[in-house]
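The chain contents come next:
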Amino acid sequence: MQDIFAELSWRGLIHQTTDDANLQAWLMAQSRTVYAGFDPTADSLHVGHLLPLSMLRRFQRAGHKPIAIVGGATGMIGDPSGKSKERNLLTREQLIANVESIEVQMRGVLDFECGQTSAVLVNNFDWMQNFSYLDFLRDVGKNFPVNVMLAKDSVKGRLEKTDAGMSYTEFSYMLLQAYDFVHLSKHHGCELQIGGSDQWGNITAGIDLARRMLSVQLYGLTCPLLTKSDGTKMGKTEAGAIWLSPERTSPYRFYQYWINVGDDDVSNCLRVFTDLNQDDVESLDKSRAEEPHKRESQRRLAEELTKLVHGDSGLQRAQRATQIFFGQEIDQLSDAELGEIFEDVPSKELPRDRLSGDGLGILDAFHESGLASSKGDARRAVQEKGTYLNNARVEDIGRNLTVDDLISETSLVLRRGKKKYAILRFV
RNA sequence: GGGGGGUUUCCCGAGCGGUCAAAGGGGUCAGACUGUAAAUCUGAUGGCUAUUGCCUUCGCAGGUUCGAAUCCUGCACCCCCCA
């Protein structure tokens, strides 16, 4: 049995526990069953979910059994914790679809085929759906003193804000999550719940409920909420959240997100998200202090996480795309390769005969691609040396594009400035 | 109800009969520098064509004038003051 507690400690992943004195020994004594919950509000997990998910992974690797619970039932209610406003409810159909695709993503991170400690995925909708309202009130609600519930931060915060308010539905959320813990304890022998520090109230509610209903002692452990040094949320960009599904966030963009993590945050990210051991993290810290321009930390972080989420092939794709996006001139590619590398890049189809004869003027090409708002804009961009054809700078505003300029069967690659690309397809 | 001020190009904001596609700042876009960072510096920033122009734009609609963002009339919206 590995000392998971010590590991979480040096990684800075322990915010609060329900039993600081004994939890470490308790975890060392035997294999335990641990659970964390995931809200199926979308059809994909995002970077924000990566933390609890990787926590479960660490527990599993240390010899414990992880349970991931997707909140098919609780998702219908909406957790008020950390939310300032009443949430919109999801339909049952949406939830079912979301849960299905989230399952697939989890299989990449947790091991579901390793005997005793195999991960288990459950959906609380399965045991909540047949609960009658009366039964729930008698068996569960009876054990909740309202004054205790009102004292929870998640409730108190909302009630203090006079304009926010809170519905009875959201107020009841806590009971559902608490009951999850009881259910998992009874049917899966689960004894420890982990979550972000905003889950503390819900976790302790479950522990209280289990003591009353089952007379068992359960445990809770929370990890700090991850924020960047500038105070903003991890995993958000101007363009929106970074998702784990390749359909929503391509492996390239996922990889790039981590490559661009600031120096101030990268060490924390390495500790919290990757499997690198303490020595490795510290040597990367050292490398960053001495040779910051090499950015080994960011590179390593991006590699580890892209591999974890998108696998070896996803990482290769991301790195290949990175090479091309930052530097290399592009030589012959196939349409298929090009489509893969430039999957995030807007493309436009034009009739192939535009390339015949004198060809297509470079200014028109940039205008049509959307990289320039007008031909005049395109002209200026070229004169400013800010345009590239297949990653080679365009020098001449009179340049005409012909079939010879195609980089693959049908396409050529235009670029403006350092990062803005567009594909023109001639069909 | 009476009096006054305003509405300018993506935003703020100058202009008050020709030299106005319209100062300046911000933003944005490029370039240099660099670590795919930050800061800094440089250039560009209505459209079409070219280096000669043409077209569209200064709340909306008319008018005066050789000529208007600039003057006049009406309309719309905003702000302030007095009732």
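Just so it is clear, the structure is predicted and the values come from calculations on it, not from any experiment.

Participant: I tried to follow the sheet that holds strand S6 (residues 219-223) on my own but got confused; where do I start?
Facilitator: Where strands meet in a sheet, backbone hydrogen bonds hold them as pairs that are either parallel or antiparallel. On the basis of which strands lie adjacent, the open sheet formed by six strands has the order S1-S6-S5-S2-S3-S4 and mixed pairing. Taken across any chain shown, the strands that pair with only one partner, and hence form the sheet edges, are strand S1 (16-17) and strand S4 (120-123). Pairing analysis gives four bridges linking strand S3 (residues 65-70) to S4, with the strands arranged parallel. Across the sheet, the residue bridging to Ile67 is Val120, located in S4. Its contacts with the sheet put helix H3 (residues 47-61) on strand S2 (33-38), S3, strand S5 (192-196) and S6, and the angle it makes with S2 is roughly 165 degrees. Across the sheet, helix H5 (residues 92-109) touches S2, S3 and S4, and the angle it forms with S3 is around 155 degrees.

Participant: How do you make sense of the pattern of salt bridges when you look at a structure like this?
Facilitator: Where charged atoms from two side chains of opposite charge approach closely, those side chains can pair. Tallied over the entire structure, the rule returns 24 salt bridges. With a shortest N-O distance of 3.6 Å, Arg58 and Asp275 are connected by a salt bridge. Of this pair, Arg58 sits in helix H3 while Asp275 sits in the loop between helix H14 (263-273) and helix H15 (278-290), and the two are 217 residues apart along the sequence. Classification of Arg58 by relative accessible area gives buried; the value is 3%. A salt bridge links Glu291 to Lys294, with the shortest nitrogen-to-oxygen separation between them at 3.3 Å. Residues joined in a network through salt bridges with shared partners are Glu7, Arg11, Arg57, Arg58, Arg61 and Asp275.

Participant: When you look at the environment of Lys420 in this model, what are you seeing that I'm missing?
Facilitator: Examined against the element boundaries, Lys420 turns out to sit in strand S15 (residues 420-426). Discounting residues that sit within four places of it in the chain, Lys420 has contacts with Leu371, Leu414 and Arg415.

Participant: Is there a simple way to think about the protein's contact with RNA strand B in this case?
Facilitator: Taken together, the neighbourhood of RNA strand B is formed by 24 residues, with Gln256, Asn260, Arg295, Lys375 and Arg416 sitting nearest. Per the 4 Å cut-off to the protein, sugar and phosphate atoms form 63% of the nearby atoms of RNA strand B. Asp263 is positioned such that a nitrogen or oxygen atom in its side chain is 2.8 Å from a base nitrogen of RNA strand B. Arg379 is positioned with one of its side-chain polar atoms (N or O) 3.3 Å from a base nitrogen of RNA strand B. Among the secondary structure elements, those contributing two or more residues to the surface near RNA strand B are helix H13 (251-259), helix H16 (296-325) and helix H19 (375-383).

Participant: Even after reading the chapter, I still don't get the packing of aromatic side chains, so can you show me in this structure?
Facilitator: The relation between two aromatic rings is expressed through the spacing of the ring centres and the mutual angle of the planes. One pass over the structure, following the stated rule, counts 12 aromatic pairs. Ring geometry for Trp26 versus Tyr219: centroids 4.3 Å apart, planes at 40 degrees, classification tilted. Taken together, the residues span a long stretch of sequence, with Trp26 in helix H2 (residues 23-29) and Tyr219 in strand S6 at a distance of 193 residues. The exposure class assigned to Trp26 is buried, which follows from its relative accessible area of 11%. Ring geometry for Phe131 versus Tyr179: centroids 5.2 Å apart, planes at 80 degrees, classification edge-to-face. Of this pair, Phe131 sits in the loop between helix H6 (125-128) and helix H7 (133-139) while Tyr179 sits in helix H11 (residues 173-188), placing them 48 residues apart in sequence. Classification of Tyr179 by relative accessible area gives buried; the value is 10%. Its guanidinium or amino end placed over the ring of Tyr388, Arg415 lies 3.9 Å from that ring's centre, counting from NZ or CZ.

Participant: I'm lost on the pairing of S6 in this one. Help?
Facilitator: Regular strands place their side chains on alternate faces of the sheet. Among the five residues that make up S6, five are buried, leaving the element largely enclosed by the rest of the structure. Two elements, S1 and S6, share two bridges in a ladder whose sense is antiparallel. Each residue of the ladder has a partner; that of Thr17, found in S6, is Leu221. By the bridge criterion, five bridges tie S5 to S6 in an arrangement that is parallel. Residue pairing in the sheet places Ile194 in a bridge with Leu221 of S6. Assessed by its sense of winding, the connection that carries the chain from S5 through helix H12 (residues 200-214) to S6 is right-handed.

Participant: Could you clarify how one ought to interpret the domain arrangement of chain A in this entry?
Facilitator: A common way to express how large an interface is: the accessible area buried when the components associate. Each assigned domain of chain A is listed with its residue range as follows: domain 1 (4-223), domain 2 (236-326) and domain 3 (340-426). Each of domain 2 and domain 3 was reduced to a C-alpha centroid, and the two centroids are 31 Å apart. Facing 10 residues of domain 2, the contacting portion of domain 3 comprises 10 residues. Across the domain 2/domain 3 interface, buried area totals approximately 860 Å², and carbon plus sulfur atoms make up 58% of it. Between domain 2 and domain 3 we count two salt bridges in total. Asp344 is the partner of Arg253 in a salt bridge, and the nearest nitrogen-oxygen pair spans 3.6 Å.

Participant: Would you take a moment to explain the packing of H13 against H16 for this structure?
Facilitator: Interaxial distance between H13 and H16 falls to 7 Å at its minimum, and their mutual angle equals 105 degrees. Considered as vectors, H13 and H16 are oriented roughly perpendicular to each other. In terms of residue class, the contact of H13 with H16 is made up of 14 nonpolar, seven polar and three charged.

Participant: Mind showing me how you'd approach the nonpolar core here?
Facilitator: It is characteristic of soluble globular proteins that their nonpolar side chains tend to be buried jointly. Ranked by size, the top nonpolar core spans 59 residues in total, and within it Met106, Leu192, Ile194, Trp258 and Phe273 carry the most contacts. Composition of this core by domain shows at least three residues from each of domain 1 (4-223) and domain 2 (236-326). Of all hydrophobic cores here, the second largest spans 32 residues; its members include Ile69, Phe144, Met149 and Val155.

Participant: Help me out: how do you make sense of the sheet that holds strand S12 (residues 392-393) in this one?
Facilitator: Reading across the sheet, the five strands line up as S9-S15-S14-S11-S12 and stay open at both edges, with mixed pairing between neighbours. One side of each edge strand has no neighbouring strand; the edge strands of this open sheet are strand S9 (347-350) and S12. Judged from the four bridges that link them, S9 and S15 form a sheet pairing that is parallel. Each bridged residue has a counterpart across the sheet, and for Lys348 the counterpart in S15 is Leu424.

Definitions and limits used
Residues numbered from 1 in each chain as written. Chains lettered and ligands numbered in written order. Predicted model: local features only at pLDDT ≥ 70, side-chain atom pairs only at ≥ 80, totals over all residues. Heavy atoms only, no water. Pairing = 2+ DSSP bridges. Helix = DSSP H or I, 4+ residues; strand = E, 2+ residues; numbered from the N terminus. Contact = heavy atoms within 4.5 Å. Axes fitted to C-alpha atoms, helices over the stretch in contact; angles between N-to-C directions. Salt bridge = Lys/Arg side-chain N within 4 Å of Asp/Glu carboxyl O. Buried < 20%, exposed > 50% of the residue type's maximum accessible area, 1.4 Å probe, protein only. Near = heavy atom within 4 Å. Polar contact = N/O pair within 3.5 Å; in protein donor to acceptor, adjacent residues only side chain to side chain. Phe/Tyr/Trp six-rings, centres within 6.5 Å; stacked < 30°, edge-to-face > 60°. Lys NZ or Arg CZ within 6 Å of the ring centre and 35° of its normal. Right-handed = clockwise from strand over helix to strand, strands pointing away. Domains from an automatic or database assignment. Buried area = accessible area lost by both parts, 1.4 Å probe. Parallel < 35°, antiparallel > 145°, perpendicular 65-115°, else oblique. Nonpolar A, V, L, I, M, F, W, Y, C, P; charged D, E, K, R; others polar. Core = buried A, V, L, I, M, F, W, Y, C linked by side-chain atoms within 4.5 Å.

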